[in-house]
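So the chains spell out like this:
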Amino acid sequence: MNVSCVILACTLLLVASSGSKAGQSLKAPCRPGFSQNFYTVIVSKDVLHGKSILKDTTLSSERVKFEDCQRSREVGFVSSDPNFSVRPDGSVYAEQQLANLSEPVQFMVTARGFHDAHIWETTVKLAPAGHPHLMALTKVDIEEMLSRAWDSQPRVIKFPRKHQRGSSSNVLRRQKRDWVIPPINVPENSRGPFPYMLVRIRSDQDTAAGIRYSITGAGADQPPSGIYNIDPISGNMFVTQPLDREERASFHLRAHAVDQNGNKVENPIDLYIYVIDMNDNRPEFQNQVYNGSVAEGSKPGSSVIQVTATDADDSTTANGMVRYRILSQSPISPIPNMFAINSETGDIVAVAAGLDREKVSRYTIIVQATDMEGNLSFGLSNTATALISITDINDNPPELTVRTFSGEVLENTVNVVVTNLTVVDKDQPHSPNWNAVYRIVSGDPSGHFTIRTNPITNEGMLTVVKAVDFEMNRAFMLTVVVSNQAHLASGIQSSLQSTAGVTISVQDVNEPPVFPVNPKMIRFEEGVPTGTTLTVFAAQDPDHFIHQIVRYSKLSDPANWLKINRTNGQITTMAVLDRESMYVRNNVYEATFLAFDNGKSGSPQASGTGTLQIYLIDVNDNAPVLIPRESQVCERARPNSRVNITASDADADPNVGPFVFELPSFPASVRRNWTISRLSGDYAQLRLRIPYLEASVYEIPIIVSDSGNPPLSNRSVIRVKVCPCDDNGDCSATGAVAAAGLGTGAIIAILICIIILLSMVLLFVVWMKRREKERQAKPLLIDPEDDVRDNILKYDEEGGGEEDQDYDLSQLQQPESLDHIISKPAGVRRVDERPVIAESQYPVRPSLPHPGDIGDFINDGLRAADNDPTAPPYDSLLVFDYEGSGSTAGSVSSLNSTSSGDQDYDYLNDWGPRFKKLADLYGGGDED
């Protein structure tokens, strides 16, 4: 095998297949180009199953992805291998029929724009599925293999020869296809020394002096620049630093040869450099803690949870092939290996029976992920924790704590808890597998009891829902069964302890007497006489085992018609029963009675009530009453001048209508002037018998009879106003007055009364006017101009200024003694306090003074007040201390008028008589 084949074999075994780590960084702005620098396409076994691969056969579902950010760029793909190529959709296919693929093939794909000069390149490796060479290699094996490959690879890469034209012919010969330069393989994480020589680029024309070599492309003169360089004289190409396959898996450079003048000597050649993967990345779990669950009692093989770890190394080599295993299980009950993990997928399954939540509710599993296909000697490892919760199933039936329960209950009580049934269940508390459901299966055919579940304690509360009677059942023997809300799991049988007996003793209490028929209905005719016995309304005492005496009393009798015998319950009447009474509803009268016993030892009296309903049968005891009681007709007989009459009867059928209406024979004028005609059984018409009747009000007696047996009659009077009518048959206004029954004398009397009333009102008005004139003619005691009663306003007196704070408050207080006042010399008097002397006598006004003496009386009183030393105001003279100097306020004297001339006060004359004095003082004529 030649040197190129050895290099190619090493490359296929160890080269990286995933994209660079740069592709895993945060999403950068869109840049046209291939999504990865290196693609590994696994050819499926279906394609390799035949003897050969046909032309245009798609080799794999995996595609080479090209990002076209403009979405309008036309790009074509060109392959460096004539046997394989890439379609515009990115699928890899065979360009021609070829033998079955048995070894990996690697080639370069170039993308070129049809309308621009942009070029993008990537590397594609075709690897048959299940290739045996993809085995785990140790780091030492890889370094030894690479060392042998580097030692055997060509150290010199020459530019391809140019084909010259023949001298004897002008025809161009067919140029033979240039040979493909094998790629240059460089291991990642190499320790140098750097720069490390990779190859030597040489031209056949380097014999001539002045050949200069250079390289271009990403990694040389383009970012990341400086990784590779070349000696321009010798053509030696170097790598200057360690490489990282996870950052960049391949490089595409171009080598150039020019002369000293920069003229191209050789066509550029393509150099492909592949970074060989090393196992330098540990597997990383997606989560450090995984939470899973599995039902207790699950069969072996039940899936629990899947853990996943990824490795940044080449996933097609052992460096990126991760395997899983379980390191530990806690707790180890019932066995240490309750779970297993699929080494390739990371699926954790239960592999042993015996999962029991009641014993172990959660397991903690430590899972290890190791690359190099799980080789612990050379692979890198990482761990994660899986928490597996055992979910509950109903595999434990509830069990009652005892086989027999007992309780007591008082008769006639409901909604009372008799006893609590305690139960034990090992399943998950407060879940359907734990919640108890109780049923009474026997011993209670009448449904007196039910069992409710306490949601907190899960106990069964045996409760009375239908009152029990001691006289009928002194005890109950119940059979109770308990179960869960959820059905028991398959294969789990109910426990014998799920059934228990309950003994309930009924306690006797003093029950009230009970009326056998309540309410009791009896029928009687109304009007039965007082003292009539209606019925015996007796009650019975339910306490058959205790002899007690029952007594009766009346509880409710709205009309006070009845009374009851205290000892035997006999009902008799105290008044006449009247069906037409307001206390009777629908012919039924109701009364309520009380029956009570004498109580037994230690118990109070018990009482019960009973209602007696008396249905009163109607008798004809109410005569009919005429309706209406008033009406009017025209004084002249007309067809429509008539009165419709009917009757009302408080009795019931058949003691009511049809009614009989007739006019009495006395007085004779009634039948002479009026007549009655029958309309129906309940209605008749009253109308004039004569053609004309004088307008007035007539009282017409009418006899009305009902249909009772015997019938009752009633003489009723209807007031009919007879009046003149207009053309429409309605009474006119004049006729209405005349019909009211007022004669000429009455009208004249009313008019005289009205005239007298008006005269009295007129005389009173004249007297008031005269009195007003006299009052206005009398002169005032003082001049109206001097009347200042509405002008004097009282204001509070102000004290001293801010600095006037040093004064004797005792001068303002009421003295405790009057010695200092009495001892004052004669002629000296304080005007700011009341003198202690006898008060002066004032004239007394007569009780009925003459109006002319009012002025004299006032003058006498004024003189007496002026000479009275004790008369107020005795505080009119106020003496203030000196306020001091230094006040911030200016002198009041500075508030003089700012007018330079005389001010005109003539406008005061326009303000009325009250300001006349002021106008005379400041206005008026010139000064003398």
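Residues numbered from 1 in each chain as written. Predicted model: local features only at pLDDT ≥ 70, side-chain atom pairs only at ≥ 80, totals over all residues. Heavy atoms only, no water.

### Thoughts on the overall build of the chain
Stage number 1. Helix and strand counts for the chain come out as 9 helices and 52 strands.
Stage number 2. In the chain, which comprises 928 residues, the proportion classed as buried is 35%.
Stage number 3. Counting only contacts in the chain whose residues sit at least 6 apart along the sequence, the fraction spanning at least 24 positions is 67%. (Helix = DSSP H or I, 4+ residues; strand = E, 2+ residues; numbered from the N terminus. Buried < 20%, exposed > 50% of the residue type's maximum accessible area, 1.4 Å probe, protein only. Contact = heavy atoms within 4.5 Å.)

### Digging into the pairing of strand β17 (residues 236-239)
The two faces of a sheet get side chains in turn, since along a regular strand they alternate between them.
Stage number 1. The pairing of strand β14 (residues 196-202) with β17 spans 4 bridges and is antiparallel. Pairing of Tyr196 across the sheet is with Val239, part of β17.
Stage number 2. With 3 bridges connecting them, strand β16 (residues 228-230) and β17 associate as antiparallel partners. Bridge assignment links Asn229 to a residue of β17, and that residue is Phe238. (Pairing = 2+ DSSP bridges.)

### Quick word on the pattern of salt bridges
If the charged atoms of two oppositely charged side chains come close together, the side chains can form a pair.
Stage number 1. Evaluated as defined, the whole model comprises 13 salt bridges.
Stage number 2. Arg719 is the salt-bridge partner of Glu630, the closest N and O atoms lying 3.9 Å from each other. With Glu630 in strand β46 (residues 630-634) and Arg719 in strand β52 (residues 713-723), this residue pair connects regions lying 89 residues apart in the sequence.
Stage number 3. In this structure, Asp860 and Arg863 form a salt bridge, with 2.2 Å as the shortest nitrogen-oxygen distance. With Asp860 and Arg863 both in helix α8 (residues 854-866) and 3 residues apart, this pair spans about one turn of that helix.
Stage number 4. For Asp860, a relative accessible area of 34% puts it in the partly exposed group.
Stage number 5. Look at Arg863 and you get partly exposed, because its relative accessible area is 49%.
Stage number 6. Connected through shared salt-bridge partners, Arg245, Glu246 and Asp277 make up one network. (Salt bridge = Lys/Arg side-chain N within 4 Å of Asp/Glu carboxyl O.)

### Section: the packing of aromatic side chains
Stage number 1. Applying the stated rule across the entire model yields 14 aromatic pairs.
Stage number 2. Between Phe764 and Trp767, the aromatic rings sit 6.3 Å apart at their centres with planes inclined by 35 degrees, giving tilted as the arrangement. Of this pair, Phe764 and Trp767 both sit in helix α6 (residues 744-777), 3 residues apart, which is roughly one turn of that helix.
Stage number 3. Taken together, the ring pairs connect Phe515, Phe537, Tyr552 and Phe593 into an aromatic cluster. (Phe/Tyr/Trp six-rings, centres within 6.5 Å; stacked < 30°, edge-to-face > 60°.)

### Observations concerning the state of the cysteines
Stage number 1. All chains considered together, the criterion is met by 2 disulfides.
Stage number 2. Put simply, Cys634 and Cys725 are joined by a disulfide, and their sulfur atoms are 1.9 Å apart. Across the S-S bond of Cys634 and Cys725 the torsion is about -105 degrees, and the bridge reads as left-handed. Taken together, the positions of Cys634 in strand β46 and Cys725 in the loop between β52 and α5 (733-739) put the pair 91 residues apart, joining distant regions of the chain. (Disulfide = S-S within 2.5 Å.)

### Overview of the environment of Gln570
Stage number 1. By the secondary structure assignment, Gln570 is in strand β42 (residues 570-573).
Stage number 2. Each C-alpha atom, one on Gln570 and one on Thr533, is 7.3 Å from the other, the two residues being 37 residues apart in sequence.
Stage number 3. Contacts of Gln570, omitting those with residues within four sequence positions, involve Thr533, Thr535, Val536, Lys563, Ile564 and Asn565.
Stage number 4. At 3.4 Å, the side chain of Gln570 forms a polar contact with the side chain of Thr533. (Polar contact = N/O pair within 3.5 Å; in protein donor to acceptor, adjacent residues only side chain to side chain.)

### Thoughts on the pairing of strand β27 (residues 362-370)
Stage number 1. Here strand β24 (residues 323-330) runs beside β27; their pairing, made up of 7 bridges, is antiparallel. When the sheet's bridge partners are listed, Gln329 is paired in β27 with Ile365.
Stage number 2. Across 9 bridges, the pairing between β27 and strand β28 (residues 381-391) is antiparallel. Following the sheet pairing, Thr370 is matched in β28 by Ser381.

### Digging into the side chain of Thr123
Stage number 1. Examined against the element boundaries, Thr123 turns out to sit in strand β11 (residues 119-128).
Stage number 2. Engagement of the side chain of Thr123 in a polar contact is seen with the side chain of Tyr274, the distance being 3.1 Å.
Stage number 3. Residues within four places of Thr123 in sequence aside, it is in contact with Asn37, Phe38, Tyr39, Gln106, Phe107, Met108, Ser250 and Tyr274.

### Digging into the sheet that holds strand β34 (residues 449-453)
Stage number 1. Read across the open sheet, the 3 strands follow the order β31-β35-β34; overall the sheet is antiparallel. Strand pairing shows two members of the sheet lacking a second neighbour, β31 (416-421) and β34, which therefore form its edges. Sheet twist, expressed as the mean angle between neighbouring strand axes with direction ignored, is 30 degrees.
Stage number 2. When β31 meets strand β35 (residues 460-464), the two strands line up antiparallel, connected through 5 bridges. Residue Val417 lies in a different strand from β35, and its bridge partner there is Thr463. (Axes fitted to C-alpha atoms, helices over the stretch in contact; angles between N-to-C directions.)

### Looking at the nonpolar core
Stage number 1. Core analysis: the largest hydrophobic core is formed by 27 residues, its most contacted members being Ile201, Tyr228 and Met237.
Stage number 2. Those residues in contact with Tyr228, other than ones at most four positions away along the chain, are Leu198, Ile215, Gly219, Ala220, Met237, Phe238, Val239, Thr240, Leu243, Phe251, Leu253 and Ile273. (Core = buried A, V, L, I, M, F, W, Y, C linked by side-chain atoms within 4.5 Å.)

### A few points about the sheet that holds strand β50 (residues 683-688)
Stage number 1. With antiparallel pairing, 4 strands are arranged side by side in an open sheet as β45-β47-β50-β49. Looking along the sheet, the strands with just one partner apiece sit at the ends: β45 (625-627) and β49 (674-678). The average undirected angle you get between the axes of adjacent strands in this sheet is 30 degrees.
Stage number 2. Relative to strand β47 (residues 642-648), β45 runs antiparallel, the two sharing 3 bridges. Residue pairing in the sheet places Ile627 in a bridge with Thr646 of β47.

### Details of a nonpolar patch on the surface
Stage number 1. On the surface, a nonpolar cluster with roughly 600 Å² of combined accessible area is contributed by Leu757, Val761, Phe764, Val765, Trp767 and Met768.
Stage number 2. Relative to the helices and strands, Val765 is located in helix α6. (Patch = residues over 30% accessible without salt bridge, like charges linked within 9 Å, V, L, I, M, F, W, Y side chains within 5 Å. Areas by Shrake-Rupley, 256 points an atom, 1.4 Å probe, with all protein chains shown as cover.)

### Brief notes about unusual backbone geometry
Stage number 1. Along the chain, Gly192 connects to Pro193 via a cis peptide bond; the corresponding omega equals 10 degrees.
Stage number 2. Along the chain, Pro193 turns up in the loop between β13 (184-187) and β14.
Stage number 3. One non-glycine residue, Asn586, lies in positive phi territory at about 55 degrees.
Stage number 4. Residue placement: Asn586 occurs in the loop between β42 and β43 (588-596).

### Details of the confidence of the model for the chain
Stage number 1. Taken over all residues, the pLDDT of the chain has a mean of 78, while the share at 70 or more is 76%.
Stage number 2. Segment residues 1-28: pLDDT under 50, and 76 contacts once partners within four positions in sequence are set aside and those in other chains are kept.
Stage number 3. Here residues 133-154 is a poorly scored stretch, pLDDT under 50, and it has 41 contacts once near neighbours within four places are set aside; other chains count. (pLDDT = per-residue confidence, 0-100.)

### Some thoughts on a positive patch on the surface
Stage number 1. Together, Arg642, Arg671, Arg687 and Arg689 make up a region of like positive charge exposed at the surface.
Stage number 2. Given a relative accessible area of 43%, Arg671 falls into the partly exposed group. (Lys, Arg positive; Asp, Glu negative; His and termini not counted. Charge placed at Lys NZ, Arg CZ, Asp CG, Glu CD.)

### Examining the environment of Asn279
Stage number 1. Mapping Asn279 onto the fold places it in the loop between β19 (264-276) and β20 (284-285).
Stage number 2. In the structure, Asn279 is positioned 90 residues away from Asn189 in sequence and 10.0 Å away in space, judged by C-alpha atoms.
Stage number 3. In this structure Asn279 touches Asp313, Asn319, Asp371, Met372, Phe378, Gly379 and Leu380, once residues within four positions along its chain are discounted.
Stage number 4. A polar contact of 3.3 Å, which involves the side chain of Asn279, links it to the side chain of Asp371.

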